[in-house]
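Observations on the three-dimensional arrangement
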Amino acid sequence: KNRIKKYDSVYEILNQFCVVRYKYYRLRKEYQLRQLGIELKMLQNKERFISEVMEETLDIMRKKESVIIQTLKSSNYDEDLKRENGGYEYLLGMQVRSFTEEKVNTLRAEIQSIIDKINNLRNTTAKQLWINDLNEFRVKYDEWLVIMSEVSSKKEKNVVSQAKKRVVSKKK
């Protein structure tokens, strides 16, 4: 495994590269779907929590934190999926200004955006993700080539200008 491999042709190298690269595009897609799923659950929990507190169907006022946490557990709220030790700090630590209709609407829009991203990613093959990246790379590479051409042209003009100045100063 940890040995240098001699390839007989460029096509062998390219084939090996593509096999490995494609594997990582599949893994990347799976990872992104998991992360988006976590983000979706967290946003849905926040939206539900704010709505229930505002509608007074979830009473958290003047209660011990341990009682509130037990209520959240029994109401099937997810613990923080982004933190190793979980917990409900992402809900209980929200600012009072979060409990507004505008915040609920913002969260609903974010939830819909995440759902759209998940659906889009699910419907895109790993191969298409790779092609999309290659196309984006090509566009950026072409932009870079134009910039480098301009820089090179300016340098050449600068070199010619400097050379002319030297010639003129030597004649004097």
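Residues numbered from 1 in each chain as written. Predicted model: local features only at pLDDT ≥ 70, side-chain atom pairs only at ≥ 80, totals over all residues. Heavy atoms only, no water.

A short note on the overall build of the chain
The helix and strand inventory of the chain stands at five helices and zero strands. When the helices and strands of the chain are read in sequence order from the N terminus, they spell out α-α-α-α-α. The C-alpha atoms of the chain give a radius of gyration of 29 Å, which is well past the 16 Å a tight globule of 172 residues would have. Projected onto its principal axes, the C-alpha coordinates of the chain cover approximately 90 × 55 × 30 Å. (Helix = DSSP H or I, 4+ residues; strand = E, 2+ residues; numbered from the N terminus. Rg over C-alpha atoms; globule rule 2.2 N^0.38 Å.)

Digging into a nonpolar patch on the surface
Taken together, Phe 137, Tyr 141, Trp 144, Leu 145, Ile 147, Met 148 and Val 151 make up a surface patch of nonpolar side chains, about 640 Å² in accessible area. Residue placement: Ile 147 occurs in helix H5 (residues 126-171). (Patch = residues over 30% accessible without salt bridge, like charges linked within 9 Å, V, L, I, M, F, W, Y side chains within 5 Å. Areas by Shrake-Rupley, 256 points an atom, 1.4 Å probe, with all protein chains shown as cover. Salt bridge = Lys/Arg side-chain N within 4 Å of Asp/Glu carboxyl O.)

Section: the nonpolar core
Grouped together as the largest cluster of nonpolar side chains are 26 residues, with contacts concentrated most on Phe 49, Leu 58, Ile 60, Leu 72, Tyr 77, Leu 91 and Ile 114. Of all the secondary-structure elements, those providing two or more residues to this core are helix H1 (10-54), helix H2 (65-74), helix H3 (89-92), helix H4 (101-122) and H5. Beyond its immediate sequence surroundings of up to four residues, Ile 114 is in contact with Leu 36, Glu 39, Leu 40 and Leu 43. (Core = buried A, V, L, I, M, F, W, Y, C linked by side-chain atoms within 4.5 Å. Buried < 20%, exposed > 50% of the residue type's maximum accessible area, 1.4 Å probe, protein only. Contact = heavy atoms within 4.5 Å.)

Details of the confidence of the model for the chain
Low-confidence regions, as indicated by low pLDDT, have predicted coordinates that should not be scrutinised in detail. Confidence in the prediction of the chain, expressed as mean pLDDT, is 92, and 92% of residues score 70 or more. Per-element confidence in the chain is highest for H4, whose mean pLDDT is 98, and lowest for H5, whose mean pLDDT is 84. (pLDDT = per-residue confidence, 0-100.)

Here's the deal with the packing of H1 against H4
At a minimum axis separation of 9 Å, H1 and H4 run at an interaxial angle of 160°. The orientation of H1 relative to H4 falls into the category roughly antiparallel. As for the relative orientation of H1 and H4, their crossing is left-handed in sense. Across the contact of H1 with H4, the residue classes tally to 13 nonpolar, four polar and 10 charged. (Axes fitted to C-alpha atoms, helices over the stretch in contact; angles between N-to-C directions. Parallel < 35°, antiparallel > 145°, perpendicular 65-115°, else oblique. Left-handed = near helix turned anticlockwise from the far one by under 90°. Nonpolar A, V, L, I, M, F, W, Y, C, P; charged D, E, K, R; others polar.)

A closer look at the side chain of Asn 45
Structurally, Asn 45 can be placed in helix H1. A polar contact is formed between the side chain of Asn 45 and the side chain of Asp 78, at a distance of 3.2 Å. For Asn 45, the contacting residues outside a window of four places in its chain are Tyr 77, Asp 78, Tyr 90 and Leu 91. (Polar contact = N/O pair within 3.5 Å; in protein donor to acceptor, adjacent residues only side chain to side chain.)

Some remarks on the packing of aromatic side chains
With the rule as written, the count across this model stands at five aromatic pairs. Note on Phe 137 and Tyr 141: the rings are 5.9 Å apart at their centroids and 15° apart in plane angle, and the pair reads as stacked. Taken together, the residues Phe 137 and Tyr 141, both in helix H5 and four residues apart, mark about one turn of the helix. For Phe 137, a relative accessible area of 54% gives the class exposed. Among the aromatic residues, those joined into a ring-pair cluster are Phe 49, Tyr 77 and Phe 99. Above the plane of the ring of Tyr 7 lies Lys 5, whose end atom (NZ or CZ) is 4.9 Å from the centre. Sitting above the plane of the Tyr 77 ring, Arg 48 keeps its charged end 3.8 Å from the centroid. (Phe/Tyr/Trp six-rings, centres within 6.5 Å; stacked < 30°, edge-to-face > 60°. Lys NZ or Arg CZ within 6 Å of the ring centre and 35° of its normal.)

Some words on the pattern of salt bridges
Per the counting criterion, the structure on display carries seven salt bridges. Taking the shortest distance from any N to any O, the salt bridge between Asp 133 and Arg 28 comes out at 2.9 Å. Residue Asp 133 is found in helix H5, and its partner Arg 28 is found in helix H1; the two are separated by 105 residues along the sequence. With relative accessibility at 34%, the residue Arg 28 sits in the partly exposed group. Lys 140 is paired through a salt bridge with Glu 143; the nearest N and O atoms lie 3.8 Å apart. Here Lys 140 pairs with Glu 143, and both are found in helix H5, just three residues apart, close to one helical turn. In this structure Lys 140 comes out as partly exposed when scored by relative accessible area, which is 49%. By relative accessible area, Glu 143 is classed as partly exposed at 41%.

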